[in-house]
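A structural walkthrough
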Amino acid sequence: MSDAVVDYHPMWAELGLDLPMHDALLEAVGGMYGSTFMTQKDRPAGMGYLDFVMSEVHGLRIKELHDFRKSGGKVVGTYCLYVPEELIRAAGAWSVGICAGAEWAYDEVEQILPRNTCALIKSMVGFKLGKVCPYLEESDLLIGETTCDGKKKAYEELGKMQNLYTMELPQMKRPKDVAFWRSELVDLIAKLEELTGKKVTAESLAASIKEVNDKRRALQRVNAARAADPTPISGLDSLLAVQVAFYDDVPRFTRMMNALADELELRVADGIGVAPKGAPRILITGTPMALPNWKLHEIVEKAGGVVVGEEMCTGSRYYEKLVDEDATTLDGMLDDLAAKYLDINCACFTPNTGRIDDVIRMAKGLKADGVIDYALSFCGTYQIESAGVAKAVQAADMPVLRIETDYSVEDVGQLSTRVEAFLEMVK
Ligand code: BJ8
């Protein structure tokens, strides 16, 4: 890490970004980061790494991707947890999760997509139309997936603007669905090998499975520390760690998260926390919170609560389950990958009762005082599951608050009032 200020504008210009709009985006995100993260008290020192990563989110990391591509490497952008980064890395490419967590270029987006589309999809298309995302422009290939209808159809539009390949994801989890998903992984390997000119071998796949598992293990350690009261790390900082996990260099990120976990374990032993012991502890479940969507966590923690877990794709669904590491053949590894990935509990599946089991298990394990179910407006899958989640949480004797929102700031006042009342009630 160096203090020298580097001007990345020539690199961004080379990528075809809309420079004035991109400057405006960076300024807005930088301002939000400062007011949301840097005002927190008693943060672990290990968060300095993520502060640095965020200060260079369109700088140093993009330079790394840029240099990698200049030396012949390929970058693959993804939008969903079901796309296995292990396969991308085993083919010699780098995987980056594309963010889609802020309102951008909605006027242009609404020329293509209906207004009543979820914020995540609108953002995904808006960042492309607005030419403000260097990760998109550094991606040699984007991989979509047939999850919800909105995403599936939006990929068709995105595919008109960029090289995009869509994987067909089944919507059930029967043995024949797992077998089908495995065949989709085989097709993805062919696509990736064509892109990189490198073969996926048992050796390269075993190495990438281990590497990505190590990353998930490090995040498991960070998140396990949140079971303590007082909790040694805020929900905002923990959420940020998972958001960054999607695009940072894998071995470096793993190392830094293990160092953070070491520190958190010491803090727990010493009883050091970010909120007073006894502060209301909240588990959030629902739609993913893509960078820089920090809205709900900020509301909860500014109101005196502490978020102790996220049952969502930017949370436990990302790091909880590992790929088995015992297989020695490519065939065996593909079986293990197919099984692990179809075990993710997304509301696009039917039935999806595993998600409810996870919510109850996590709420108990993390000693949550209440659960907030969070759905993006117009996300039919999570909105419909919300009632069932609420019923199950109440049946487990825990209070629940159901929130539906988007990326705008217009409802922050109203949400804050509801969250404050909920925090009062849970203690
Ligand atoms: S595995 S949650 S990342 S699909 S919020 S776009 S579902 S309308 S994001 Fe998701 Fe993969 Fe599932 Fe996770 Fe559609 Fe809902 Fe929008 Fe969503």
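Above this note sits the structure.
Since the structure is predicted, the reported quantities are computational estimates derived from the model, not experimental observations.

Now for the packing of aromatic side chains. The full count for this structure, using the stated rule, is ten aromatic pairs. With a centroid separation of 5.8 Å and an interplanar angle of 70°, the aromatic rings of Y33 and W294 are classed as edge-to-face. Residue Y33 is found in helix 2 (residues 19-36), and its partner W294 is found in the loop between strand 5 (281-286) and helix 14 (295-302); the two are separated by 261 residues along the sequence. The buried category is assigned to Y33, whose relative accessible area is 9%. Judged by its relative accessible area of 1%, W294 is buried. When the centroid spacing of 3.8 Å and the interplanar angle of 5° are considered together, the rings of F68 and W94 count as stacked. On the criterion of sequence distance, the pair formed by F68 in helix 4 (residues 60-70) and W94 in strand 2 (residues 94-97) is long-range, its members being 26 residues apart. Owing to a relative accessible area of 16%, F68 belongs among the buried residues under this scheme.

Our focus in this paragraph is the nonpolar core. In terms of nonpolar packing, the biggest core is built from 127 residues, with I143, L240, M257 and W294 touching the most fellow members. In this structure, L240 is in contact with Y33, F37, M47, L50, M54, L291 and W294, ignoring residues within four places of it in sequence. By size, the runner-up hydrophobic cluster in this structure holds 18 residues, among which are A227, L366, A368 and M398.

Quick look at the environment of R355 now. As for its position among the elements, R355 is in helix 17 (residues 353-365). A residue is classified by how much of its surface remains accessible, and R355, at 0% relative accessible area, is buried. Expressed as a C-alpha distance, the spacing of R355 and V389, which sit 34 residues apart in the sequence, is 8.5 Å. The contact partners of R355, leaving out residues within four places of it in the chain, are T285, G286, E311, R317, N345, D373, Y382, E385 and V389.

The rules behind the values
Residues numbered from 1 in each chain as written. Predicted model: local features only at pLDDT ≥ 70, side-chain atom pairs only at ≥ 80, totals over all residues. Heavy atoms only, no water. Phe/Tyr/Trp six-rings, centres within 6.5 Å; stacked < 30°, edge-to-face > 60°. Helix = DSSP H or I, 4+ residues; strand = E, 2+ residues; numbered from the N terminus. Buried < 20%, exposed > 50% of the residue type's maximum accessible area, 1.4 Å probe, protein only. Core = buried A, V, L, I, M, F, W, Y, C linked by side-chain atoms within 4.5 Å. Contact = heavy atoms within 4.5 Å.

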